[in-house]
Amino acid sequence: MSRVLVTGAAGFIGSHLVDRLLAEGREVIGLDAFTGYYSRRTKERNLESALRSGRFRLVEGDLLDFDLDGILDGVGQVAHLAAEPGVRRSWGRNFPRYVARNVVATERLLEAVGEGTKLVYASSSSVYGSDPGHPVDEGHGRFPASPYALSKLAAEELVGLYGRERGVQGTVLRYFTVYGPRQRPEMALSRFLFSALRGRPVDVFGDGGQLRDMTFVSDAVEATVAALGAPVGVYNVGGGTRASVDDMIQTVRKVTGASFEVRYGPEAEGDVRSTWADSGRAERVLGYKPRVGLEEGVAAQAEWAARALVAAPA
Ligand code: NAD
């Protein structure tokens, strides 16, 4: 079987994907630039187990300037997860970085991969904007509510373009809020858990009523592995569990047993009110079925967060 290249391999979802591919015996090349917005040490820890495998090669490099020809030899499948994520900071002076890391970097990768290469692009539910009060399927209109969402949509369009014009076998997965061990430190659940475990107040953007379709990371990873071997297309990947921010906080209380103050502040610009996936197409074509519910998933993340605090106390 051909090698798999995972971009963004040291990140939250990328590192789980690497572990999963190694577990099924694949040879994996992981590319990551270790970009500065959360700690390099955290990302190195994400890859601790992968780096013990003789079938994993980590390449430190930036898609924006790395000579990709050197690592694409024998690669038949690419999972492209490298990106500048995060809605809140994508406005204003940061926008050029989002364009570079999400749009220009994707174009460089698409230029480099050969015709016939399977490439799965990690897109986001944010391309839809807020849901209209019912689950959205892939045909729903795209109304990005932040520069981040716009940059993900632009990259999706590039994947489509290189499919039509250059024969790249591109699939787009639209992940809905992914959570679980290794979640990025600025994401809501991660902030809530670390604050709760440190006995500090939990800060919420907005009134706590925002709803998210929550996807446990192993479910998102299963969808990604399935997509690497399935017909090209655009697929929603939702977790089948909708929770409000206040529900997340209640679940954090329940699984950690911690008591903490909750402080509500202004809404974050670009945060949509609600997301709701119709993942029917992924179920039918990819055999996708989310397996981990909210309480089980938050408990797994809490366990990981507690261990991370012991390893690197703040
Ligand atoms: P993450 O920040 O943990 O991982 C992204 C990784 O990409 C980082 O390790 C970073 O160093 C690397 N990277 C960034 N730019 C790079 C470049 N130019 N060259 C090489 N490496 C680069 O983020 P994540 O939460 O794991 O997200 C992974 C992907 O999934 C992203 O594309 C993101 O937009 C998408 N996504 C995530 C979620 C979520 O809930 N976490 C939801 C929807 C979509």
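Residues numbered from 1 in each chain as written. Predicted model: local features only at pLDDT ≥ 70, side-chain atom pairs only at ≥ 80, totals over all residues. Heavy atoms only, no water.

Visitor: Before we move on, could you go through the site of the ligand and cite the residues and values that matter?
Guide: What surrounds the ligand is a group of 30 residues, the closest being Asp-32, Tyr-38, Asp-62, Tyr-148 and Arg-184. Taking Phe-34, its main chain carries an N or O atom lying 3.4 Å from an oxygen atom of the ligand. Between Val-178 and the ligand, the recorded distance is 2.8 Å, taken from a backbone N or O atom to an oxygen atom. Taken by itself the ligand offers 820 Å² of open surface, and the protein chains cover 98% of this. (Near = heavy atom within 4 Å. Polar contact = N/O pair within 3.5 Å; in protein donor to acceptor, adjacent residues only side chain to side chain. Areas by Shrake-Rupley, 256 points an atom, 1.4 Å probe, with all protein chains shown as cover.)

Visitor: Explain the packing of aromatic side chains to me, and be specific about the residues and the numbers.
Guide: Enumeration over the complete set of coordinates arrives at four aromatic pairs. For the ring pair Phe-194 and Trp-304, a centre distance of 5.9 Å and an interplane angle of 70° mean the geometry is edge-to-face. With Phe-194 in helix α5 (residues 188-197) and Trp-304 in helix α9 (residues 294-311), the pair connects residues that are 110 residues apart, well separated along the chain. Summarising the burial analysis for this pair, Phe-194 and Trp-304 share the class buried. Sitting over the face of the ring of Trp-276, Arg-242 holds its NZ or CZ atom 3.8 Å from the ring centroid. Taking NZ or CZ as reference, Arg-253 lies 4.5 Å from the ring centre of Phe-260, over its face. (Phe/Tyr/Trp six-rings, centres within 6.5 Å; stacked < 30°, edge-to-face > 60°. Helix = DSSP H or I, 4+ residues; strand = E, 2+ residues; numbered from the N terminus. Buried < 20%, exposed > 50% of the residue type's maximum accessible area, 1.4 Å probe, protein only. Lys NZ or Arg CZ within 6 Å of the ring centre and 35° of its normal.)

Visitor: Give a description of the UniProt feature "domain: NAD-dependent epimerase/dehydratase" (unreviewed entry) in the protein that names residues and reports values.
Guide: Those residues carrying the UniProt feature "domain: NAD-dependent epimerase/dehydratase" (unreviewed entry) are residues 4-238 in this numbering. Measuring from the first to the last C-alpha atom of residues 4-238 gives 24 Å, for a span that is 34% helix and 21% strand. (UniProt positions renumbered as here; feature names shortened; annotations may be inferred.)

Visitor: Outline the sheet that holds strand β11 (residues 241-244), supporting the account with residue identities and numerical values.
Guide: One open sheet holds the three strands; their spatial order is β7-β9-β11, and the pairing between them is mixed. If you trace the sheet from one side to the other, it starts and ends with β7 (178-179) and β11, each paired once. (Pairing = 2+ DSSP bridges.)

Visitor: Summarise the packing of helix α7 (residues 245-256) against α9; cite the residues concerned and give the values.
Guide: Between α7 and α9, whose axes approach to 9 Å, the crossing angle comes to 60°. With respect to their mutual orientation, α7 and α9 come out oblique. In this structure, the crossing between α7 and α9 has a hand that is right-handed. Every residue of α9 that contacts α7 at Thr-251, Val-252, Lys-254, Val-255 and Thr-256 is listed here: Leu-294, Glu-295, Val-298, Ala-299 and Ala-302. (Axes fitted to C-alpha atoms, helices over the stretch in contact; angles between N-to-C directions. Parallel < 35°, antiparallel > 145°, perpendicular 65-115°, else oblique. Left-handed = near helix turned anticlockwise from the far one by under 90°. Contact = heavy atoms within 4.5 Å.)

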